[in-house]
Amino acid sequence: MRLQLALLPIALLASPAAAQPQPEPIQIPPELTDPATMARVGDTVGALSHALMNMPVGEVQAAIEGRPVTPADRHRTVRDVASRGDPNFEANLQRQIAQSQVTMQASMRAMAAAMPAISRAVSQAAEEIERATANLPSPTYPRR
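Fair warning: this is a prediction, and the values are worked out from it, not measured in the lab. (Residues numbered from 1 in each chain as written. Predicted model: local features only at pLDDT ≥ 70, side-chain atom pairs only at ≥ 80, totals over all residues. Heavy atoms only, no water.)

Q: Outline the overall build of the chain, listing residues and values.
A: When its secondary structure is counted, the chain shows 8 helices and 0 strands. Shown N-terminal to C-terminal, the secondary structure of the chain runs as helices and strands in the order α-α-α-α-α-α-α-α. Every one of the 144 residues in the chain was classed for burial, and the buried ones make up 13%. Sequence-distant contacts in the chain: of pairs separated by 6 or more residues, those separated by 24 or more amount to 52%. In the form shown here, the chain has an accessible surface area of approximately 11600 Å², with 64% of it arising from carbon and sulfur atoms. (Helix = DSSP H or I, 4+ residues; strand = E, 2+ residues; numbered from the N terminus. Buried < 20%, exposed > 50% of the residue type's maximum accessible area, 1.4 Å probe, protein only. Contact = heavy atoms within 4.5 Å. Areas by Shrake-Rupley, 256 points an atom, 1.4 Å probe, with all protein chains shown as cover.)

This is the structure in structure tokens:
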């Protein structure tokens, strides 16, 4: 009996769960948390929003409304439709883009800080699923 108790820790170490290597923790590339990268992303978003605002939409609007296209329709852009005469539209748009850049930086820092805990939780969940499914019968095993 004492021999069995002495060999129990060795038997536990020989189990398949203990033999599996521990997964490496997930690392977020430093580029994603770098403020310079976020600044480049912000510049890209600014350029994309500028391009989107200059897209012509007047002819599409006339077609949807079922009327002939006028010369004014040919020059109407998303900016014209979105601004609706707001004199502060451009300033508000630029401010929103700048705020989104700050929000992206904060969210990436939070994600980097939370990643070790998320990685541990996913590993624990995988181990629990492995343990729960280890004793399931094989679907190919003949039924009695």
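Q: Hey, could you go over empty space enclosed by the protein for me, with residue numbers and the actual values?
A: For the structure on display, the rule yields 1 cavity of 30 Å³ or more. Together, Gly46, Ser49, His50, Arg79, Glu90, Leu93 and Gln94 line the largest cavity. Counting only elements with at least two residues in the lining of the largest cavity, the list comes to helix 4 (35–53) and helix 8 (89–133). Partitioning the lining of the largest cavity into residue classes produces 1 nonpolar, 4 polar and 2 charged. (1 Å grid on protein atoms, 1.4 Å probe; cavity = no way out; pocket = protein on both sides within 12 Å on 5 of 7 lines; lining within 4 Å. Points joined across faces, edges and corners; volume = space filled by probe spheres on them. Nonpolar A, V, L, I, M, F, W, Y, C, P; charged D, E, K, R; others polar.)

Q: Please give an account of the pattern of salt bridges that cites residues and values.
A: Side chains bearing opposite charge may pair, as long as their charged atoms lie close to each other. If you walk through the whole model with that rule in mind, you get 6 salt bridges. For Glu65, the salt bridge goes to Arg67, with nearest N and O atoms at 2.6 Å. Looking at Glu65, the relative accessible area reads 46%, which means it is partly exposed. Residue Arg67 is classed as partly exposed on the basis of its relative accessible area, which comes to 30%. Between Arg131 and Glu127 there is a salt bridge, with its nearest N and O atoms 3.8 Å apart. With a gap of 4 residues between them, Arg131 and Glu127 both fall in helix 8, about one helical turn apart. In this structure Glu127 comes out as partly exposed when scored by relative accessible area, which is 35%. Through salt bridges that share partners, Glu65, Arg67, Asp73 and Arg76 make up one connected network. (Salt bridge = Lys/Arg side-chain N within 4 Å of Asp/Glu carboxyl O.)

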